[in-house]
Amino acid sequence: MSDPTRTSQSTRHATGPAGAAARTPAAAVAPTIRRPLAAAFRALIAAAALTGLLLAAGGAATPAALLTRFTVQANLVAALVFACSAHRAWTGRRALSPRLTGALLPFLFLPALLHYAFPVADSTAFALPHATAPTVTQALSHQLLYAVIPLAALVDWLLLTAPRGFRPACAWQWPAYPLLFLGFTFAFPAAAGAPSPGAALALTIGLAGVLLSLIVIGIDQVRPAPRLRRNRISPTGIGPLK
């Protein structure tokens, strides 16, 4: 038979400070890691993307029709994702999935590449409505959506994001949407608000969407880890951890 005295003593030991620490989940004592620099930079990207979209809408005859353009869709998603990422970095919450944040890179660079390397693509639904003599507002929105936002997203990925977060499955998941969008412009050119691209241009767009994804994934596997400056907050929230 067991000794009641020993049983009560062992129970008291189990309920003491050591026993309480042993039963405390690891998540409750782990420090919260805040990244204010990353939060501020990502908030600026989100604000710049929204500014570019508003400028594009203000200079368009039918602003609602812009939602059918790939450039607008990509930058709208970028504004939402970077705003959410900024909040998570500021509060020390877990970062968004690299599968989502990484998709922004080929999505943003695809219309930028077409705009600068293939000007003929500006007449397709992958670009903003093309004006013969763009106004200052339209020119500024083009600079933000085609240049500033893609380059800022690239800087965020290279300097503020840990490497090797992308999986091989992303190589076929990311190009899926641009290819579906390309098929949509062929099937419903009136709904896309732009004429269907020719066969050669369509092939170029499709290959560019696939190659950009492969390039991003390949670079992610070999690039060095950036030096991330972080603020650690104690579990009690009273002050920083040294």
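Starting from 1, residues in each chain are numbered consecutively following that chain's sequence as written. Residues qualify for local features only when their pLDDT is at least 70, as the model is predicted, and side-chain atom pairs are given and counted only at 80 or more; totals for whole chains, interfaces and linings, by contrast, use all residues. The side-chain figures draw on all heavy atoms in the structure; neither hydrogens nor water molecules are used.

Caption draft 1: Region of the structure containing the overall build of the protein chain. Looking only at helices and strands, the protein chain has eleven helices and two strands in total. Start at the N end of the protein chain and walk to the C end: the helices and strands fall as α-α-α-β-α-α-α-α-α-α-α-α-β. Residue contacts are counted whenever heavy atoms from the two residues lie within 4.5 Å of one another. Partitioning the intrachain contacts of the protein chain with sequence separation of at least 6 by distance along the chain shows that 78% fall at a separation of at least 24. A run of H or I in DSSP becomes a helix once it reaches four residues, and a run of E becomes a strand once it reaches two; helices and strands are each numbered from the N terminus.

Caption draft 2: Up close: the pattern of salt bridges. The rule for a salt bridge is simple: a side-chain nitrogen of Lys or Arg has to be within 4 Å of a carboxyl oxygen of Asp or Glu. This structure, assessed with the given rule, holds two salt bridges. Here Asp220 and Arg223 are joined by a salt bridge, their closest N and O atoms 3.3 Å apart. Exposure remark for Asp220: the relative accessible area of 1% places this residue in the buried category. On the accessibility criterion, Arg223 (6% relative accessible area) is buried. Note on exposure labels: buried denotes an accessible area under 20% of the residue type's maximum, exposed denotes more than 50%, and partly exposed covers the range between, all computed with a 1.4 Å probe on protein chains only.

Caption draft 3: Structural view of the nonpolar core. Throughout this description, the term nonpolar core refers to a set of buried Ala, Val, Leu, Ile, Met, Phe, Trp, Tyr and Cys residues connected via side-chain atoms within 4.5 Å. Counting residues in each nonpolar core, the largest one holds 40 residues, and the members touching the most others are Phe70, Phe82, Leu108, Leu110, Phe126 and Trp174. Put simply, the parts of the chain that give this core at least two residues each are helix H4 (36–58), helix H5 (70–91), helix H6 (98–117), helix H7 (136–160), helix H9 (176–187) and helix H11 (199–222). In contact with Leu110, not counting residues within four places along its chain, are Phe70, Phe126, Pro178, Ile205, Ala208, Gly209 and Leu212. The next biggest cluster of nonpolar side chains, apart from the first, holds eight residues, and it includes Ala56, Ala127, Leu145 and Tyr146.

Caption draft 4: H4, seen in detail. Take the number of residues in a helix, subtract one, and multiply by 1.5 Å to get its expected span. In a regular helix each residue adds 1.5 Å, so 23 residues correspond to 33 Å; H4 covers 33 Å between its end C-alpha atoms and thus fits that length. Inspection of H4 places Ala38, Ala39, Arg42, Ile45, Ala46, Ala48, Ala49, Gly52, Leu53 and Ala56 among the buried residues, and these make up the whole buried set. Buried residues in H4 make contact with H5 and H7.

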